Amino acid sequence: MNITVLGAGAWGTAFGQVLADAGNNVTMWAREPEIVEGIRDHHHNGVRLPSVEKLPDNMTATGDRAESVKDAEIVVVAIAAQFARVALADFKGLIPSDAIVVSLMKGIERGTSKRMDEVVREALDLPADRFAAISGPNLSKEIADRQPAATVVGCANIDNARKVAAACTTDYFKAFVTTDVIGLEMCGSLKNVVALAVGMARGAGYGENTAAMIETRGLAELTALGQAAGADPKTFAGLAGVGDLIATCGSPLSRNYTFGSNLGKGLSVEEATRVSNGVAEGVPTTDAVVALGDELGVPTPLAFAMSRVLSEGISCQQMLAELFGSEITEE
Ligand SMILES: NC(=O)C1=CN([C@@H]2O[C@H](COP(=O)(O)OP(=O)(O)OC[C@H]3O[C@@H](n4cnc5c(N)ncnc54)[C@H](OP(=O)(O)O)[C@@H]3O)[C@@H](O)[C@H]2O)C=CC1
Ligand SMILES: O=C(CO)COP(=O)(O)O
């Protein structure tokens, strides 16, 4: 198939390699000429994925929007979530009318509290059966190294989910399918907020009990919010839920974990942003989660405490104290 990936960041590029390894013709679109030239002329993305010395031969790049998508059967969006709406507006009318659009993004839009399925579909005026989300424990560097991994493809039309899953299946990358798009979106976005908190606790020197407490209470929070938004609770126990929490909350390869860890070590939000190796989606998503919780009537103590860390600079100890009320409750 002809597949175009919009955004040649770390995950966009690593996923482009998966698609190329699966036998597709892959075109990366990037806005930076240095990245376009690197991939097109040298099969290397030295800016965002320097660990891969040579990207596959059936992977090229362009900075021209119309050219990038003109023959695409699948268009994959891998742009920092807060900029997806504005970046996609320039592709409206350019994407073939039968192409499936796939989002790799894990974030909630600040200001609107919308998930990426909502943002992408609104920006491109796309029907539900042509939108798919991909989410799972997928740390880009490990997948770029071709380490075995799995993910979940969600689409309202299960045949289209299967089509996308087939297009990204290799001997090291396995894709499952679901129709629970909302569940995938909620898992992927909210686990980043949990990873910030776990990272912060680790950075502050706390051990396994504290990390397990945050992960488990975080899972309960994101499951409750997801269910209220219309997700299937089963999704939260799968790869995109528990699976991604384990990967993201346990690895310094995660930008969200590392961002939190730097806060726990005493860096300010500005300093942690400066040293972040790519976008830490949990940072802008935290306030959006609190707003979504208010909208849906679901308590979000973890996101609320993290939001106070990010805006008021409360300490790790204070953040953790805010996770629980003073009364004795059932778990
Ligand atoms: N890295 C990972 O392991 C995984 C990441 N994800 C998700 O995938 C998404 C992308 O992540 P990743 O590739 O790692 O992030 P990076 O920080 O490596 O890259 C972000 C990408 O967004 C692009 N971008 C930012 N602003 C704009 C804009 N205004 N217009 C167009 N493009 C823009 C950047 O372009 P430029 O280079 O020009 O700035 C870059 O291509 C995120 O939502 C992330 O949560 C999901 C699973 C795994
Ligand atoms: O989503 C991810 C792994 O599944 C990547 O996490 P980070 O965005 O925190 O690096």
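Residues numbered from 1 in each chain as written. Chains lettered and ligands numbered in written order. Predicted model: local features only at pLDDT ≥ 70, side-chain atom pairs only at ≥ 80, totals over all residues. Heavy atoms only, no water.

As recorded in an unreviewed UniProt entry, the protein goes by the name Glycerol-3-phosphate dehydrogenase [NAD(P)+], listed as coming from Bifidobacterium biavatii DSM 23969.

### A few points about the sheet that holds strand 10 (residues 173–178)
Note the following rule: Each pair of strands is called paired provided DSSP finds at least two bridges between the two strands. In this description a helix means any DSSP run of H or I spanning at least four residues, a strand means any run of E spanning at least two, and both kinds are numbered starting from the N terminus. For helices, the axis comes from a line fit to the C-alpha atoms of the stretch in contact; other axes are also lines fit to C-alpha atoms, and the angle between any two N-to-C directions lies between 0 and 180 degrees. Residue contacts are counted whenever heavy atoms from the two residues lie within 4.5 Å of one another.
Ordered in space as 3-2-1-4-5-8-9-10, the eight strands form an open sheet in which the pairing is mixed. Each of the sheet's edge strands pairs with one partner strand only, and the pair in question is strand 3 (59–62) and strand 10. Averaged over all neighbouring strand pairs, the angle between strand axes comes to 25°, with direction disregarded. Its contacts with the sheet place helix 2 (residues 33–42) against strand 2 (25–29) and strand 3, and it is angled at close to 150° to strand 3. Across the sheet, helix 5 (residues 116–124) touches strand 5 (100–103) and strand 8 (131–135), and the angle it forms with strand 8 is around 145°.

### Quick word on the domain arrangement of the protein
In plain terms, the rule: These domain boundaries are the output of an automatic or database domain assignment. Put simply, buried area is the surface a 1.4 Å probe can reach on two separate parts but cannot reach once they are joined, added for both. When a carboxyl oxygen of Asp or Glu is within 4 Å of a side-chain nitrogen of Lys or Arg, the pair counts as a salt bridge.
When cut into domains, the protein gives domain 1 (2–179) and domain 2 (189–321). The partner domain 2 presents 23 residues to the 23 residues of domain 1 that form the contact. Summing both partners gives a buried area of about 1,800 Å² for domain 1 against domain 2, and 63% of it is carried by carbon and sulfur. Three residues, Lys-106, Ile-108 and Leu-139, lead the burial of domain 1 against domain 2; their summed loss comes to 32% of the area buried on that side. Linking domain 1 with domain 2 are two salt bridges. As a salt-bridge pair, Asp-287 and Arg-110 come within 2.7 Å of each other at their nearest N and O atoms.

### Considerations on the UniProt feature "binding site: NAD(+)" (unreviewed entry) in the protein
Test applied: UniProt positions are given in the numbering used here, feature names are shortened, and annotations may be inferred rather than shown by experiment.
The feature "binding site: NAD(+)" (unreviewed entry), as annotated in UniProt, sits at Gly-7, Ala-8, Gly-9, Ala-10, Trp-11, Gly-12, Phe-83 and Arg-255 in this numbering. Within the fold, Gly-7 resides in the loop between strand 1 (2–6) and helix 1 (10–21). Not counting chain neighbours up to four residues away, the residues in contact with Gly-7 comprise Gly-12, Met-28, Trp-29, Ala-78 and Ile-79. Relative to the helices and strands, Ala-10 resides in helix 1. Setting aside residues up to four positions removed in sequence, Ala-10 forms contacts with Arg-48, Leu-49 and Ser-140.

### Describing the UniProt feature "domain: Glycerol-3-phosphate dehydrogenase NAD-dependent N-terminal" (unreviewed entry) in the protein
Following the UniProt record, one finds the feature "domain: Glycerol-3-phosphate dehydrogenase NAD-dependent N-terminal" (unreviewed entry) at residues 2–159. Secondary structure within residues 2–159 divides into 31% helix and 24% strand; the distance between the first and last C-alpha atoms comes to 18 Å.

### Some remarks on the pattern of salt bridges
Per the stated rule, a full pass over the model turns up 18 salt bridges. If you follow the salt bridges from partner to partner, you end up with Arg-85, Glu-109, Lys-114 and Glu-122 in one network.

### Examining the site of ligand 2
Stated formally: Here a residue is considered near a molecule or strand provided that any single heavy atom belonging to it is located within 4 Å of it. Between N or O atoms, a polar contact is any pair within 3.5 Å; within protein, one atom must be a potential hydrogen donor and the other a potential acceptor, and residues adjacent in sequence are included only when both atoms are from side chains.
What surrounds ligand 2 is the set Lys-106, Gly-136, Pro-137, Asn-138, Leu-139, Lys-191, Asp-244, Thr-248, Leu-253, Ser-254, Arg-255 and Asn-256. Within the backbone of Gly-136, one N or O atom sits 3.1 Å away from an oxygen atom of ligand 2. A distance of 2.7 Å separates an oxygen atom of ligand 2 from a polar atom in the side chain of Asp-244. Secondary structure elements with two or more residues in the shell around ligand 2: helix 10 (239–249) and helix 11 (255–264).

### Side note on the packing of aromatic side chains
Heads up, the condition is: Each Phe, Tyr or Trp ring (for Trp, its six-membered ring) is paired with any other whose centre lies within 6.5 Å, and the angle between the two planes then decides the class: stacked below 30 degrees, edge-to-face above 60, tilted in between. Exposed residues in this analysis have more than 50% of their type's maximum accessible area, buried residues have under 20%, and partly exposed residues fall in between, with area computed by a 1.4 Å probe over protein chains only. Geometrically, a lysine NZ or arginine CZ counts as sitting over a ring once it is within 6 Å of the ring centre and also within 35 degrees of the ring normal.
This structure, assessed with the given rule, holds three aromatic pairs. Aromatic side chains Phe-15 and Phe-173 sit 6.2 Å apart centroid to centroid with 75° between the ring planes, which places their arrangement in the edge-to-face category. Taken together, the residues span a long stretch of sequence, with Phe-15 in helix 1 and Phe-173 in strand 10 at a distance of 158 residues. Each member of the pair Phe-15 and Phe-173 is classed as buried. Measuring from ring centre to ring centre gives 5.1 Å for Trp-29 and Phe-91, while their planes differ by 85°; the resulting arrangement is edge-to-face. Here Trp-29, found in strand 2, pairs with Phe-91, found in the loop between helix 4 (84–89) and strand 5; they are 62 residues apart in sequence, far enough to count as distant. Neither Trp-29 nor Phe-91 differs from the other in exposure class; each is buried. Each member of the aromatic cluster is reached from another via a ring pair, and the members are Trp-11, Phe-15 and Phe-173. Above the plane of the ring of Phe-176 lies Lys-174, whose end atom (NZ or CZ) is 5.0 Å from the centre.

### Quick notes on the site of ligand 1
Going by this rule: Residue exposure ignores everything except the shown protein chains as possible cover, and the areas themselves are Shrake-Rupley values with a 1.4 Å probe. Three residue categories are used. Nonpolar comprises Ala, Val, Leu, Ile, Met, Phe, Trp, Tyr, Cys and Pro, charged comprises Asp, Glu, Lys and Arg, and polar comprises the others, including Gly.
In the vicinity of ligand 1, 25 residues are found, and the nearest of them are Ala-10, Arg-31, Ser-140, Val-279 and Glu-281. Residue Val-279 places a main-chain N or O atom 2.9 Å away from an oxygen atom belonging to ligand 1. Relative to its free-state accessible area of 900 Å², ligand 1 is covered by the protein chains to the extent of 90%. Per-element tally for the shell around ligand 1: the top contributor is helix 1, with three residues. Class assignment for the residues of the shell around ligand 1 results in 13 nonpolar, six polar and six charged. Taken together, domain 1 (2–179) and domain 2 (189–321) each give at least three residues to the shell around ligand 1, which thus spans both.

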